[in-house]
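# An overview of the molecular structure
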Amino acid sequence: MIRVLIADDQELIRESLKIVLSAYPDIEVVGAVSDGTEVLETLPTSKPDVILMDIRMPKMDGVLCTKAVKEHYPNIKVII
């Protein structure tokens, strides 16, 4: 099972990705958040294997968030 966290500031994109990914039995969407700060807040509980990361988001963009994720959680893969 691959655990996926979706990070995008557009709700339509988040929901669309959740629908598409939920069609695969070996993928579990563990969360969908709207900015980088929410990604960092949810990581300890969601424990994703992969983060689908938008670059342009409010509060903390995808580039800064990816850097923070890789510093604290080096095993999590990030797809921008």
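Everything that follows concerns the structure shown earlier in this document.
Residues numbered from 1 in each chain as written. Predicted model: local features only at pLDDT ≥ 70, side-chain atom pairs only at ≥ 80, totals over all residues. Heavy atoms only, no water.

### Looking at the sheet that holds strand β4 (residues 77–79)
To keep it simple, the criterion reads: Pairing between strands is defined by DSSP: at least two bridges between them are needed. Put simply, DSSP H or I for four residues or longer makes a helix, DSSP E for two residues or longer makes a strand, and each gets a number counted from the N terminus. Angles shown run from 0 to 180 degrees and are taken between the N-to-C directions of axes, each axis being a line fitted to C-alpha atoms and, for helices, limited to the stretch in contact. In what follows, a contact means two residues having at least one pair of non-hydrogen atoms within 4.5 Å.
The sheet built from 4 strands is open, its strands ordered β2-β1-β3-β4 with parallel pairing. Bordering the open sheet on either side are β2 (27–33) and β4, each of which pairs with just one other strand. Sheet twist, expressed as the average angle between the axes of neighbouring strands with direction ignored, equals 25°. Sheet topology places strand β3 (residues 50–53) next to β4; 3 bridges connect them, and they run parallel. Bridge pairing in β4 links L52 to I79. Sheet strands in contact with helix α1 (residues 11–22) are β1 (2–7), β2 and β3, and its direction is about 170° off that of β2. Where helix α2 (residues 36–46) meets the sheet, its contacts fall on β1, β2 and β3, and the angle it forms with β1 comes to roughly 160°.

### Brief notes about the pairing of β3
Pairing of β1 with β3 involves 4 bridges; the strand directions are parallel. Paired with L5 across the strands is I51, a residue of β3.

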